[in-house]
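Spelled out, the chains give:
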Amino acid sequence: MTNRETAQHPEDLTRLFVERSNAGDAEGVALLYAEDAVMAYPPGQHTVGRAAIRELWEGVLSHNPHFEAEEPLPTLISGDIALTSTPPKDGSGARAQVVRRQPDGSWLRVLDQPEFTTGQ
């Protein structure tokens, strides 16, 4: 692993995602996901596993996108799993993630639906 900050609360994952994405750090973004994570992105597809997620973000971040922090909705926690979500600033759709507490107490994403609307 690296010396990067870990998510001590489920909500930290969104902030860390924005920080690392804006820094062009695809490896750092991938480290926010469990080894067996599933991401529903690109739209209509699934990206499975941390290595594939890293590869996906290498491509996305090569275009230098800028991400804005979004205010999270209340997190639902049940034991070692939690549901985090944010409404996009433009008011379209929603974003939701299932996250899991790790043995060291940190949190990682296991399921990520970064973009969806009521039509999906």
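Please refer to the structure higher up on the page.
Everything in this summary refers to the structure shown in the same document.

**Quick notes on the overall build of the protein chain**
Inference 1: A tally of helices and strands in the protein chain yields three helices and six strands.
Inference 2: Starting at the N terminus and ending at the C terminus, the protein chain contains elements arranged as α-α-β-β-α-β-β-β-β.
Inference 3: The principal-axis extents of the C-alpha atoms in the protein chain amount to approximately 35 × 30 × 25 Å.
Inference 4: Here the protein chain, with 120 residues, has 40% of them falling under the buried criterion.
Inference 5: Long-range pairs, those at least 24 residues apart, make up 39% of the contacts in the protein chain with a sequence separation of at least 6.
Inference 6: Carbon and sulfur atoms form 53% of the exposed surface of the protein chain, whose accessible area is close to 6,900 Å².
Inference 7: Of the side chains in the protein chain, 10 bear a positive and 18 a negative charge, and the two mean positions are spaced by 2 Å.

**A few points about the environment of Val48**
Inference 1: In this structure, Val48 sits in strand β2 (residues 47-48).
Inference 2: In this structure the C-alpha to C-alpha distance between Val48 and Phe67, which are 19 residues apart in sequence, comes to 23 Å.
Inference 3: Dropping the residues within four chain positions of it, Val48 is found in contact with Ala37 and Val38.

**A closer look at the environment of Gly44**
Inference 1: Its location among the elements puts Gly44 in the loop between β1 (33-39) and β2.
Inference 2: The spacing of Gly44 and Ser78 is 34 residues in sequence and 29 Å in space, taken between C-alpha atoms.

**Concerning the environment of Leu32**
Inference 1: Mapped onto the elements of the fold, Leu32 is located in the loop between α2 (26-30) and β1.
Inference 2: Judged by its relative accessible area of 2%, Leu32 falls in the buried class.
Inference 3: With 27 residues separating them in the primary sequence, Leu32 and Glu5 have C-alpha atoms 9.9 Å apart.
Inference 4: Leu32 has contacts with Leu13, Leu16, Phe17, Arg20, Leu108 and Arg109, leaving out every residue within four places of it along the chain.

**What about the pattern of salt bridges?**
Inference 1: Tallying each qualifying case throughout the model produces 10 salt bridges.
Inference 2: Between Glu58 and Arg54 there is a salt bridge, and its shortest N-O distance comes to 3.7 Å. Here the residue Glu58 and the residue Arg54 both occupy positions in helix α3 (residues 50-61), the gap between them amounting to four residues, near one helical turn.
Inference 3: For Arg54, a relative accessible area of 33% translates into the label partly exposed.

**Points about the layout of surface pockets**
Inference 1: Here the largest pocket is characterised by a volume of approximately 370 Å³.
Inference 2: Elements that contribute at least two residues to the lining of the largest pocket include exactly α1 (12-22), β1, α3, β5 (94-101) and β6 (107-116).
Inference 3: Among the residues making up the lining of the largest pocket, the classes are represented as 11 nonpolar, four polar and six charged.

**With respect to the nonpolar core**
Soluble, globular proteins show a tendency: their nonpolar side chains are buried together.
Inference 1: Of all hydrophobic cores here, the largest spans 19 residues; its most connected members are Tyr33, Met39 and Trp57.
Inference 2: Of all the elements in the fold, those that place two or more residues in this core are α1, α2, β1 and α3.

Parameters at a glance
- Residues numbered from 1 in each chain as written.
- Predicted model: local features only at pLDDT ≥ 70, side-chain atom pairs only at ≥ 80, totals over all residues.
- Heavy atoms only, no water.
- Helix = DSSP H or I, 4+ residues; strand = E, 2+ residues; numbered from the N terminus.
- Buried < 20%, exposed > 50% of the residue type's maximum accessible area, 1.4 Å probe, protein only.
- Contact = heavy atoms within 4.5 Å.
- Areas by Shrake-Rupley, 256 points an atom, 1.4 Å probe, with all protein chains shown as cover.
- Lys, Arg positive; Asp, Glu negative; His and termini not counted.
- Charge placed at Lys NZ, Arg CZ, Asp CG, Glu CD.
- Salt bridge = Lys/Arg side-chain N within 4 Å of Asp/Glu carboxyl O.
- 1 Å grid on protein atoms, 1.4 Å probe; cavity = no way out; pocket = protein on both sides within 12 Å on 5 of 7 lines; lining within 4 Å.
- Points joined across faces, edges and corners; volume = space filled by probe spheres on them.
- Nonpolar A, V, L, I, M, F, W, Y, C, P; charged D, E, K, R; others polar.
- Core = buried A, V, L, I, M, F, W, Y, C linked by side-chain atoms within 4.5 Å.

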